[in-house]
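Residues per chain are reported as follows:
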Amino acid sequence: MLIPLILSGGSGTRLWPVSRRNLPKQFLSLSGDGTLFQQTVARTQRLPDVRAPIVVASEDHRFLAADQLLESGVTGASIVLEPVARNTAPAIALGALKAMEQDADALLLVLPADHLIGDTKSFTDAVRQALPAAKQGWLVTFGIHPDRPETGFGYIRRAESIGDNAYRVGKFVEKPDLSTAESYLKDGGYDWNSGMFLFKASRYLEELGTHAPAMLAAVRQAYATGHKDLDFVRVDGDAFAKVPDNSIDYAVMEKTSHAAVIPVDCAWSDIGSWSALWMSGEHDAQGNQREGDTMAIDTRNSLLRSHDRHMIATVGVEDLVIVSTPDATLVAHRNAAQDVKKVVDQLKASGRTEHSFHRVVHRPWGSYDSLEAGGRFQVKRIVVKPGASLSLQKHHHRAEHWIVVSGTAEVTCDENVFLLGENQSTYIPLGSVHRLRNPGKMPLELIEVQSGSYLGEDDIVRFDDVYGRA
C-alpha cells in the first residue's frame, strides 16, 4: 500500500507579504492550477495503487487543509494536527504511526506541501523507480539534478548503484559556498537535497528508534494519548511539546547505513524565495514575471505581483521584486529576496500583525475582510459559505450592525431567530447572544459595522460551535 504523507506545517516567511502565518505559501496559488498543497496532492493521485493521503498540518491550518482537499475532490484523507512545530522528523513519525494503523507494511511517500514540480511524469517515474529499493528496506530520498551552482540547497553525494537509477547515499552536504557549488556541478555526482522520501513506515520508525530513541518515545506517547476531533487527529499537546525538534536529515538520514537516492530532473523548486519563484516561472520578452494588474515600462528581469486592486507600474528598473497586497507592499532587489525573513522578524519584534494575518482572514465558515477601522469602529465584509454557520457567541465590548449585500442570512439574536434578504439589516446589541448562518445554496455576503470601546478578535465568548472552538 502506497500512502502519500503531505507535510504541511511550513510558514513560508520568505514569501511575505503574500505568505503569512495564518495563510502560508502551501495554501496559496503561486504558479499553475490550484494551490501548492493541491498540486502536491494531485501529483500523488497519478501513481498506481495509491491510497488517500495523510496530511500533517498545524492546528491553525486544519480547516484550510480540509477545505482544499474537499475542493480537490479527495476523500478519505487523514489530517494529523501538530499542536506545536517540531520539524520534519517528528512530523514524519506521526504520519508513519497513522499509516501503520491502515497497513503494517505501508510505504510512505513523504512530500513537502509547498514545492513546485513542473514535470509530473518525470517525478512519478522516479517514484516507480524507487519502489523496489523502498520495499527492500532502503530509506530513499529524491535528489534533484542540479542545473546551476546553487548555494541555497543542501547536496547529496551519490555512491555505488543499488538498482535501476538508485544509488547508496555517499554523504549529505550542507549548503556550500559558490566555488564549492561550482565544483559539485562540474563533478556530476551530486544532487540537490529535495526533502522528498519513500520508505516503509515501519523501517522509518525502526531507524528513528535506533538513532533518536527519545524522540520516537515522545512521539509515540503524544500520538497514543491523542484523540479524534471531527475529521482530525489531535495528538496530545503537552506530550508533543516534549518531543525534540529535529529534521529527518539530522535525526535519521545522515546516520543510517540504509539511505539511498534516486536522481530526478523534474523542474523542481522549493519556492524558497521570490527569486526562486521568478526563476521557475514564465517570463515576458524583457525577462519579467508579472501577475495581476501590472504595467512594466523599460523594466527587465523583475517579478511584479499585484494581489489587490491597485496597479503596480514600473519605469526604468531591473532585477526587482515588487509584491503588493491590500495591506502591505514589498520592494526588494532579487538578489536580496532571501532576506525578506528579516522584515517578518522586525514585524514580530515591533508587535505588529502583518506577518500573521492578511486583511482578508479565512475561517472555516468563510472569510472576513477588514475594510476600515477607527478609534471606536470597524467595518468588515463578511462572506459565509452555503450551509455554514458562525458560532453562537456574544461580545462584552462591542455592538454590531449587519447589512445583507447578497444571499440570505439566518440571524439568531437572543431568543429571536429570523431571516434577512438582500438590502435588509439588523442590529446586534452589546452583550446579546447571537449567531449568523447561511441557509441558502449561494454565498452570503454582508457588511458588518462594529462599534464599541474594544474591537479585538479576542472579545468573543463562544457557547456553541460546529467547528469545535467553543
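- The protein goes by Xanthan biosynthesis protein XanB in an unreviewed UniProt entry, where it is assigned to Dyella dinghuensis.

### Section: the UniProt feature "domain: Mannose-6-phosphate isomerase type II C-terminal" (unreviewed entry) in the protein
In step 1: Here, UniProt's "domain: Mannose-6-phosphate isomerase type II C-terminal" (unreviewed entry) annotation points to residues 351-465.
In step 2: With 0% helix and 55% strand, the stretch residues 351-465 has end C-alpha atoms that lie 30 Å from each other.

### Digging into the pairing of strand β25 (residues 409-413)
In step 1: Counted residue by residue, β25 has five buried out of five residues, so it is predominantly covered.
In step 2: With burial as the criterion, each face of β25 is covered, one bearing Ala409, Val411 and Cys413 and the other bearing Glu410 and Thr412.
In step 3: Sheet topology note: the β25/strand β26 (residues 416-420) ladder contains five bridges and is antiparallel. Along β26, the bridge assignment pairs Thr412 with Val417.
In step 4: Between β25 and β26, which pair antiparallel one after the other, the connecting turn spans two residues, and Asp414 there sits at a positive phi close to 55 degrees.
In step 5: Sheet topology note: the β25/strand β28 (residues 434-437) ladder contains four bridges and is antiparallel.

### Considerations on helix α4 (residues 120-135)
In step 1: Its 16 residues place the ends of α4 23 Å apart at the C-alpha level, agreeing with the 22 Å of an ideal helix rising 1.5 Å per residue.
In step 2: Thr120, Phe123, Thr124, Ala126, Val127, Ala130, Leu131, Ala133 and Ala134 are the residues of α4 that are buried.
In step 3: Where α4 begins, the side chain of Asp119 points an oxygen toward the backbone nitrogen of Lys121, at a separation of 3.4 Å.
In step 4: Looking one or two residues beyond α4, the residue adopting positive phi is Gly137, at roughly 105 degrees.

### Topic: the nonpolar core
In step 1: If you look at the biggest cluster of nonpolar residues, it comprises 88 residues, and the most contacted ones within it are Phe37, Leu109, Val140, Phe142, Leu198, Trp274 and Leu436.
In step 2: Broken down by element, the residue count for this core peaks at seven residues, all from α4.
In step 3: Setting aside residues no more than four positions away along its own chain, Leu198 makes contact with Leu2, Leu107, Leu108, Leu109, Val127, Ala130, Leu131, Ala134, Trp138, Leu139, Val140 and Phe142.
In step 4: Counting 45 residues, the second-largest nonpolar core is a separate cluster that includes Leu5, Ala99, Val110 and Val261.

### A look at the sheet that holds strand β14 (residues 289-291)
In step 1: Here we have four strands laid out as an open sheet, ordered β14-β16-β18-β19, and mixed in their pairing. In the strand order of this sheet, the two ends are held by β14 and β19 (328-333), each with one partner. If you compare each strand with its neighbour and ignore which way they point, the axes differ by 5 degrees on average.
In step 2: Where β14 meets strand β16 (residues 303-306), three bridges bridge the pair, whose relative direction is parallel. The residue bridging Glu291 from the neighbouring strand is Arg305, located in β16.

Rules and cut-offs
- Residues numbered from 1 in each chain as written.
- Predicted model: local features only at pLDDT ≥ 70, side-chain atom pairs only at ≥ 80, totals over all residues.
- Heavy atoms only, no water.
- UniProt positions renumbered as here; feature names shortened; annotations may be inferred.
- Helix = DSSP H or I, 4+ residues; strand = E, 2+ residues; numbered from the N terminus.
- Buried < 20%, exposed > 50% of the residue type's maximum accessible area, 1.4 Å probe, protein only.
- Pairing = 2+ DSSP bridges.
- Expected span 1.5 Å × (residues − 1).
- Polar contact = N/O pair within 3.5 Å; in protein donor to acceptor, adjacent residues only side chain to side chain.
- Core = buried A, V, L, I, M, F, W, Y, C linked by side-chain atoms within 4.5 Å.
- Contact = heavy atoms within 4.5 Å.
- Axes fitted to C-alpha atoms, helices over the stretch in contact; angles between N-to-C directions.

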